[in-house]
Amino acid sequence: MPFIIPDKCTRCLKCVKDCPANAIDIETYEIADTCIQCGHCVAVCSDMAVRPDFGDVFLLQPHQVTPKEFRNLSSGIRSCRSYLPKDVPDAVLLQLTDNMRHYPSANNARPLNITIVRSKEKVKLLNDLTEEKLIKLFSLVSSPWVSPFYKLAMPSTNMKKIRGFRDSFIARREANQSQICHNAPAVILFHGEVSKTGMAEADANIWAANTSMYANTLGLSTCFNGFIVKVMGKKSKLNLRFNVPSNHKVYAALLVGYPKVKYRNETSRQSPSVMLV
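What you see is a predicted model, and the numbers here were worked out from it, not measured in a lab.

Enquirer: Give me the lowdown on the environment of Ala-208, citing residues and values where you can.
Expert: Residue placement: Ala-208 occurs in helix H8 (residues 200-217). On a C-alpha basis, the gap between Ala-208 and Cys-19 in space is 28 Å, while along the polypeptide they are 189 residues apart. With residues near it in sequence (within four places) discarded, Ala-208 still touches Phe-190, Phe-224, Ala-252 and Leu-254.

Enquirer: Which residues make up the environment of Ser-142, and what values go with them?
Expert: Structurally, Ser-142 can be placed in the loop between helix H5 (120-141) and helix H6 (147-153). Between the C-alpha atom of Ser-142 and that of Asn-158, which follows or precedes it by 16 residues, the distance is 9.7 Å. Not counting residues up to four positions away in its chain, the partners in contact with Ser-142 are Ser-147, Met-159, Ile-162, Arg-163 and Arg-166. Among the polar contacts listed, one links the side chain of Ser-142 to the backbone oxygen of Phe-138, at a separation of 2.6 Å.

Enquirer: Quick one: what's the story with the sheet that holds strand S6 (residues 186-193), residue by residue and with numbers?
Expert: Spatially, S5-S6-S8-S7 is the arrangement adopted by the four strands of the open sheet, whose pairing is antiparallel. Edge strands, defined here as strands with exactly one partner in the open sheet, are strand S5 (113-117) and strand S7 (221-224). For this sheet the average axis-to-axis angle between neighbouring strands, irrespective of direction, equals 25°. Sheet analysis places S5 next to S6, joined by five bridges and oriented antiparallel. Bridge assignment links Ile-116 to a residue of S6, and that residue is Ile-188. Packed on one face of the sheet, H8 meets S5, S6, S7 and strand S8 (248-257) and runs near 10° to S8.

Enquirer: Report on the layout of surface pockets, specifying residues and quantitative values.
Expert: Empty space among the atoms becomes visible once a probe the size of a water molecule is rolled across them. Quantified by volume, the largest pocket comes out at close to 1600 Å³. Along the walls of the largest pocket sit 33 residues, with Gly-39, Ala-43, Leu-60, Arg-101 and His-102 positioned nearest its centre. Residue assignment for the lining of the largest pocket shows that the elements contributing at least two residues are helix H2 (40-44) and helix H3 (67-75). In terms of residue class, the lining of the largest pocket is built from 18 nonpolar, ten polar and five charged.

What counts, and where the lines are drawn
- Residues numbered from 1 in each chain as written.
- Predicted model: local features only at pLDDT ≥ 70, side-chain atom pairs only at ≥ 80, totals over all residues.
- Heavy atoms only, no water.
- Helix = DSSP H or I, 4+ residues; strand = E, 2+ residues; numbered from the N terminus.
- Contact = heavy atoms within 4.5 Å.
- Polar contact = N/O pair within 3.5 Å; in protein donor to acceptor, adjacent residues only side chain to side chain.
- Pairing = 2+ DSSP bridges.
- Axes fitted to C-alpha atoms, helices over the stretch in contact; angles between N-to-C directions.
- 1 Å grid on protein atoms, 1.4 Å probe; cavity = no way out; pocket = protein on both sides within 12 Å on 5 of 7 lines; lining within 4 Å.
- Points joined across faces, edges and corners; volume = space filled by probe spheres on them.
- Nonpolar A, V, L, I, M, F, W, Y, C, P; charged D, E, K, R; others polar.

This is the structure in structure tokens:
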């Protein structure tokens, strides 16, 4: 929890007015337990009299990113499935993870842990085990014994598509293709404890999206991988193979590496359906 240094405080009340939890008593210089640890009081204090419970306070520098530049960056980001055979230095991977402390959290709890799979052997193992799990799942769901009941429970299920996935995965496995990890030099796993009330999944998607954008500024490309997320759920046997605690679930997975292909055109996409109410 943040704390106030009385000798530095000028009682300007900026922190009091900006606190969403009304947790600050400037008369006693105390911050109540109702504090949600959003950090606004630390960020708004002109005299740096409010200190964080972890780390130091630094003066923000004016950013130079214009709306046009940000649009150009985001429109040029594509899911990368073709990587150069070049390792991402540990220093760069740690630069990506260090910046995560600045990303928003759905409820300020910040419950996530990060595991980076970066050795060729481990990345291949993650690819092969995920592949195996998915083939078993597709085979089970599309089997003559299970598919009628599955269709009954979920009428919109496209069994032809599922069988196509199964056959495609089997064919690519036999050809020894890296169809899950796409030979990426690193895979970032965003994981946390399984909770009915927590918001780790939202946090993981927020952090992964921001990490993807930051990675592109460093000359890297990324790819969100839902297949890995699908098989590394609660109590998954895969978790311990990659140092993910057994009571954790992987909520997001991001392939990271240097792209083999450079894209020159912005691809048109349909805008989301929007309703102003």
